[in-house]
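Residue-level listing of the chains:
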Amino acid sequence: MRIGDGRDELEWPRVWNGRDGPSVAIRLKDGLWRIIRLERGDPTKDDDVPEEEIGDRVAETLGDGPFAIEWANRFRIHLRSAPRFRSGRVLLAGDAAHVHSPVGGLGMNAGIQDAHNLAWKLATALQRGDVDRLLDSYDVERRAVVVEDVSTYTDVLTRLFLQVPSTVRAAAFLFLRLWLSFSGPRKLMIRRATMIGLGYEESPLLVRQDRAAGVRLPNPILRCPEGNRTRLYDLLPNAPVVL
């Protein structure tokens, strides 16, 4: 969505809490905005979004004025997952393995972390590692995180934004704004949004008794012998390492 009339100086993100659902406007760059509308499904609506409907969304979030449509589409939310992420030589990752609500923006992160979990296991399996144990662990670990945690979390958020009265939604927005004014909750929210706070429990490679197994390694600031500072991750090789 391209707009003019000086509205590009508006603060963002901009949220309109309508009775039928919220609208959110995010500035991508000067003059270019993305507007997202969340509403309950209506099977009578076509995938093509009429300009009048888009105009209503622009007025709600950005105010009156001219606009030009770059792209518009109607997206239908699904909550689905494959019964297995591994079947013999077939491995599923990303949207091929799981789809869920885009609320929270966790879909891409989940797919990237699928690949991160699987890549080194495939490489080790090709080097005559324990193929079944390695690849079965991918299925167990990723299904536990994505299907049992991320999909449930996004489903709760979606229902909160779509299936409650606007007054309840407004109270939720107010509580979230107040909660995020504190540094501790902000850090928790960032770790949740980036999914770096999620760990793996028991799997063919991990035992529950080892508290460090499956937990993301901290990334502290270190002081080098030369006196400069760096992050631990910048010093780790792309290979197994013992700290």
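It is worth spelling out the pattern of salt bridges at this point. One pass over the full model with this rule turns up twelve salt bridges. Between Arg37 and Glu39 there is a salt bridge whose closest N-O contact spans 3.4 Å. In this structure, the salt-bridge partner of Arg192 is Asp149, at a minimum N-O distance of 2.8 Å. Of the two residues, Arg192 sits in helix H5 (residues 183–194) while Asp149 sits in helix H3 (residues 131–162), which places them 43 residues apart along the sequence. Asp149 sits in the partly exposed class, given a relative accessible area of 26%. One network of salt bridges, in which partners are shared, links Arg37, Glu39, Arg57 and Glu60.

Moving on, we get to the nonpolar core. Counting seven residues, the largest nonpolar core consists of Met1, Ile3, Ala25, Trp33, Ile54, Val58 and Leu62. Among the elements that take part in this core, helix H1 (residues 51–62) stands out by supplying three residues, more than any other.

Moving on, we come to the pairing of strand S4 (residues 32–37). As defined by bridge partners, strand S3 (residues 21–29) adjoins S4 across six bridges and the pair is classed as antiparallel. Bridge pairing in S4 links Arg27 to Trp33. As consecutive antiparallel partners, S3 and S4 are separated by two residues, and within that stretch Gly31 has a phi angle of approximately 85°, a positive value.

Another point: the pairing of strand S2 (residues 14–18). Every other side chain in a regular strand lies on the same face of the sheet, so the side chains alternate between the two faces. The pairing of S2 with S3 spans five bridges and is classified as antiparallel. The residue of S3 that forms the bridge with Trp16 is Ser23. Hairpin remark: S2 followed by S3, antiparallel, with two residues in the connecting loop.

In this structure, the second largest pocket spans a volume of roughly 1,600 Å³. For the second largest pocket, the lining is made up of 35 residues, of which His116, Trp120, Val215, Arg216 and Leu217 are closest to its centre. In terms of residue count, the dominant contributor to the lining of the second largest pocket is helix H2 (residues 106–126) (nine residues). Tallied by class, residues from the lining of the second largest pocket come to 23 nonpolar, eight polar and four charged.

Reading guide: rules and limits
Sequence order sets the numbering: in each chain, residues are counted from 1 along the sequence as written. Confidence filtering applies because this is a predicted model: local features only for residues at pLDDT of at least 70, side-chain atom pairs given and counted only at 80 or more, and all residues used for totals across whole chains, interfaces and linings. Side-chain numbers come from the whole structure's heavy atoms, not from hydrogens or water. When a carboxyl oxygen of Asp or Glu lies within 4 Å of a side-chain nitrogen of Lys or Arg, that pair is called a salt bridge. Each helix corresponds to a stretch of at least 4 residues labelled H or I by DSSP, and each strand to a stretch of at least 2 residues labelled E; elements are numbered beginning at the N terminus. Think of it in three bands: with a 1.4 Å probe and only protein chains considered, a residue is buried below 20% of the maximum accessible area for its type, exposed above 50%, and partly exposed in between. Each nonpolar core is a collection of buried residues, namely Ala, Val, Leu, Ile, Met, Phe, Trp, Tyr and Cys, held together in the definition by side-chain atoms within 4.5 Å. For two strands to pair, DSSP has to find at least two bridges joining them. Here a cavity is any set of points on a 1 Å grid over the protein atoms alone where a 1.4 Å probe fits but cannot get out, and a pocket is any open set with protein on both sides within 12 Å along at least 5 of 7 lines; a residue lines the site when it has an atom within 4 Å of a point. Grid points are joined across faces, edges and corners, and a volume is the space filled by probe spheres set on the points. Only Asp, Glu, Lys and Arg are considered charged, only Ala, Val, Leu, Ile, Met, Phe, Trp, Tyr, Cys and Pro nonpolar, and every remaining residue, Gly among them, polar.

Treat this as a map of the structure, not an account of what it does.
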